[in-house]
Amino acid sequence: MSVSTAALDPSVCAPLPVLGQDVTVPLVTGGEVTYAALDYAASAPALQRVWDDVAAYGPYYGSVHRGAGYLSQLSTDLFENSRRTVTEFLGCRADDQVVFTRSTTDSLNLLAAAIPANCQVFVYETEHHASLLPWRDAQVTYLNAPRTPGQAVETLERALADRDPYGPALVCVTGASNVTGELWPVRELAAAAHAHGARIVLDAAQLAPHHPVDIAELDVDWVAFSGHKLYAPFGSGVLAGRADWLQAAEPYLAGGGASRKVARRADGGVDVDWHTTAARHEAGSPNVIGVYSIASACKALTEAGFDNLVAREQELVSRVREGLAEVPEVQVLSLFGDDAPRVGVISFVVRGWNSSHFAAALSAEYGIGVRDGLFCAHPLVRTLLGSDPQDPGECGAPEAEPGERSLNAIRVSFGAGTPDEHIDRFLRAVTELVREGAQWKYRTEDGRCVPDRGEAAQV
């Protein structure tokens with residue numbers, strides 16, 4: 001998977017307008033500053049275009065698939081048109097289904113519930129927990145973290161060659177790491193899976209907001225992603241791909257909408273005829289606004305030109321990496337090496353700093369929002385930090401006091417709505433904190449490192 005390095009046209013590569021771009025936050029040192037949202041990998045700010053589209057639809061809100069009234073019919077059309085928009089955005093094949101879910105986690109749990117009996121699942125230890133943990137009823141093989149894209153393919157090929165060749169198998173892999181931002185060799189992994197009779201699902205939660213995702217081109221069987229990472233608000237997600245396993249499985253949720261016909265039997269029981277379309281796994285009243293927001297985001301990114309968005313983001317990635325490289329105390333985490341292509345997600349540790357302390361100082365003293373912790377990818381971060389699996393540390397701030405070494409990391413992430421000034425402020429803040437120290441004292445409270453409101457540091 002290549003990343004565009006085409007020359008930028010400033011007229012079409014300005015940051016896309018997002019909500020919150022003018023929000024100011026207080027600093028412990030006094031005054032206020034415009035908030036620098038650099039935690040896109042957790043939840044990206046909603047595009048202004050998406051918010052405006054949802055607001056325009058708001059007065060016409062109605063229940064879908066169930067009403068004869070005008071607003072219900074309008075909402076049903078909007079819901080199904082949104083499905084077609086997502087289908088086009090993902091380059092789905094003619095017989096693929098697009099199922100709307102709550103999130104990437106929900107999508108992968110849905111697929112896990114739909115895999116055939118005796119299915120063998122292969123998943124790298126480098127996955128986000130949303131991809132690592134759903135396969136509880138399957139025979140799971142966890143693959144060690146590869147150190148090159150080629151090694152990732154070789155590891156998978158060896159594992160698949162050793163499996164029972166007659167049973168169903170599924171490979172689950174990320175498109176871009178939520179820890180390092182590195183792009184994985186998805187097309188090559190798909191080819192390896194199919195050569196050994198296995199299927200593959202792509203966790204595109206971090207890939208779809210930063211890079212085009214085409215199911216047919218990548219030759220993956222399913223794709224999962226979340227709206228809240230794709231510049232859309234609300235709790236919505238997508239599982240798109242092959243229909244056969246989904247049609248053969250029991251509905252993910254049993255209830256209205258998933259059932260086509262329900263009748264009482266003479267013995268007092270109930271016979272149910274379930275839908276074979278995507279509705280089979282969309283029981284209950286759907287999140288119409290969330291679905292529409294995803295479709296609006298897909299349109300906005302397409303119309304903005306993904307090549308331009310990718311090229312601008314790559315300039316930001318280069319600036320961040322070059323800026324961090326000038327601070328010897330900073331170690332950027334990587335599986336595949338410094339030259340590996342990546343999206344706007346970069347994690348690092350700072351020698352002599354507790355990661356929670358550093359992130360807290362970025363927020364309290366500079367108005368910069370980043371993430372610290374293990375990023376719901378505990379095995380991967382521990383591997384990158386060279387820590388023992390039993391060492392302390394969790395998904396969130398550690399219990400270590402400010403100044404103590406922690407087994408967590410700091411993650412900065414950005415995207416289509418990030419202004420240049422936010423990147424400049426971040427790099428300046430990192431340099432100042434490392435060279436001059438924090439201006440304020442901090443303490444641990446309920447597992448979080450927070451500024452001590454009464455005391456500035458003696459510097």
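Presented here is a report on the structure given in the accompanying data block. No experiment lies behind these values; they were computed from the predicted model shown. (Residues numbered from 1 in each chain as written. Predicted model: local features only at pLDDT ≥ 70, side-chain atom pairs only at ≥ 80, totals over all residues. Heavy atoms only, no water.)

With that settled, consider the overall build of the chain. Secondary structure summary: the chain contains 13 helices and 19 strands in total. For the chain, the C-alpha radius of gyration of 23 Å lies close to 23 Å, the compact-globule estimate for 459 residues. With respect to the principal axes defined by its C-alpha atoms, the chain has extents near 80 × 55 × 50 Å. In the chain, once contacts between residues fewer than 6 apart in sequence are set aside, the share between residues at least 24 apart is 70%. Summing over all exposed atoms, the chain offers an accessible surface of approximately 19400 Å²; the carbon and sulfur share of this is 49%. (Helix = DSSP H or I, 4+ residues; strand = E, 2+ residues; numbered from the N terminus. Rg over C-alpha atoms; globule rule 2.2 N^0.38 Å. Contact = heavy atoms within 4.5 Å. Areas by Shrake-Rupley, 256 points an atom, 1.4 Å probe, with all protein chains shown as cover.)

Let us now look at the state of the cysteines. Tallying each qualifying case throughout the model produces 0 disulfides. Left without a disulfide partner, Cys92 is nearest to the cysteine sulfur of Cys298, which lies 10 Å away. (Disulfide = S-S within 2.5 Å.)

A surface patch of nonpolar side chains, amounting to about 340 Å² of accessible area, comprises Tyr60, Tyr70 and Leu71. Owing to a relative accessible area of 41%, Tyr60 belongs among the partly exposed residues under this scheme. (Patch = residues over 30% accessible without salt bridge, like charges linked within 9 Å, V, L, I, M, F, W, Y side chains within 5 Å. Salt bridge = Lys/Arg side-chain N within 4 Å of Asp/Glu carboxyl O. Buried < 20%, exposed > 50% of the residue type's maximum accessible area, 1.4 Å probe, protein only.)

Structurally, the position occupied by His196 is in the loop between helix H6 (186–195) and strand S8 (199–203). When the C-alpha positions of His196 and Leu156 are compared, they lie 10.0 Å apart, and in sequence the two are 40 residues distant.

What follows covers the pattern of salt bridges. Counted by the stated rule, this structure contains 22 salt bridges. Salt-bridge contacts for Arg411 lead to Asp39; the nearest nitrogen and oxygen are separated by 3.5 Å. Of the two residues, Arg411 sits in strand S17 (residues 409–413) while Asp39 sits in the loop between strand S3 (36–37) and helix H1 (48–57), which places them 372 residues apart along the sequence. As far as burial versus exposure is concerned, Arg411 and Asp39 are alike and both buried. Between Arg102 and Asp106 there is a salt bridge, with the nearest N and O atoms lying 3.4 Å from each other. You can call Asp106 buried: its relative accessible area is 7%.

Counting residues in hydrophobic clusters, the biggest one holds 83 residues, and the most contacted among them are Leu90 and Phe225. It is helix H9 (residues 288–304) that provides the largest number of residues to this core, a total of 8 residues. Ignoring sequence-local partners within four residues, the contact set of Phe225 consists of Val86, Leu90, Ser103, Thr104, Ala204, Ala205, Ala208, Leu230, Gly237, Val238 and Ile294. Membership of the second largest hydrophobic core comes to 36 residues, among which are Val317, Val320, Ile346 and Val350. (Core = buried A, V, L, I, M, F, W, Y, C linked by side-chain atoms within 4.5 Å.)

Glancing now at the sheet that holds strand S4 (residues 97–101). Across the sheet, 7 strands lie side by side as S4-S10-S9-S8-S7-S5-S6; this open sheet has mixed pairing. In the strand order of this sheet, the two ends are held by S4 and strand S6 (139–143), each with one partner. Put simply, the sheet's adjacent strands are angled 20° from each other on average, direction ignored. Across 3 bridges, S8 lies against strand S9 (residues 222–226) in parallel orientation. The partner of Asp203 across the bridge, within S9, is Ala224. Across the sheet, helix H3 (residues 104–114) is in contact with S4, strand S7 (169–174), S8, S9 and strand S10 (237–241); its angle to S9 comes to roughly 150°. Across the sheet, helix H5 (residues 149–161) is in contact with strand S5 (120–124), S6 and S7; its angle to S5 comes to roughly 160°. (Pairing = 2+ DSSP bridges. Axes fitted to C-alpha atoms, helices over the stretch in contact; angles between N-to-C directions.)

Before going further, it helps to spend a moment on the packing of helix H11 (residues 355–366) against helix H13 (residues 420–436). It is the contact of H11 with H13, at a shortest axis distance of 11 Å, that shows an interaxial angle of 115°. Handedness of the crossing formed by H11 with H13: right-handed. Taken together, the residues of H13 that come into contact with H11 (itself represented by Phe358, Ala361, Leu362, Glu365 and Tyr366) are Arg425, Phe426, Ala429, Val430, Glu432, Leu433 and Val434. (Left-handed = near helix turned anticlockwise from the far one by under 90°.)

Take the sheet that holds strand S14 (residues 345–350) next. One open sheet holds the 4 strands; their spatial order is S13-S14-S17-S16, and the pairing between them is antiparallel. Only two strands of the sheet have a single neighbouring strand rather than two, namely strand S13 (330–332) and strand S16 (371–373). When the angles between neighbouring strand axes are averaged without regard to direction, this sheet yields 30°. By the bridge criterion, 3 bridges tie S16 to S17 in an arrangement that is antiparallel. Bridged to Asp372 within S17 is Ile410.

For the rest of this paragraph, the subject is unusual backbone geometry. Although it is not a glycine, Tyr231 adopts a positive phi angle of roughly 65°. Checked against the element boundaries, Tyr231 lands in the loop between S9 and S10. Positive phi outside glycine occurs at Phe234, with the angle close to 75°. Here Phe234 lies in the loop between S9 and S10.

Attention shifts here to the packing of helix H10 (residues 306–325) against H13. Packed helix pairs are specified by the crossing angle of their axes together with the interaxial distance, meaning the distance between the axes. Look at H10 against H13: their axes get within 10 Å of each other, and the N-to-C directions meet at 10°. The orientation of H10 relative to H13 falls into the category roughly parallel. Contacts from Arg312, Leu316, Arg319, Val320, Gly323 and Leu324 of H10 reach H13 at Asp420, Ile423, Asp424, Phe426, Leu427 and Val430. Residue classes in the contact of H10 with H13 are distributed as 7 nonpolar, 1 polar and 4 charged. (Parallel < 35°, antiparallel > 145°, perpendicular 65-115°, else oblique. Nonpolar A, V, L, I, M, F, W, Y, C, P; charged D, E, K, R; others polar.)

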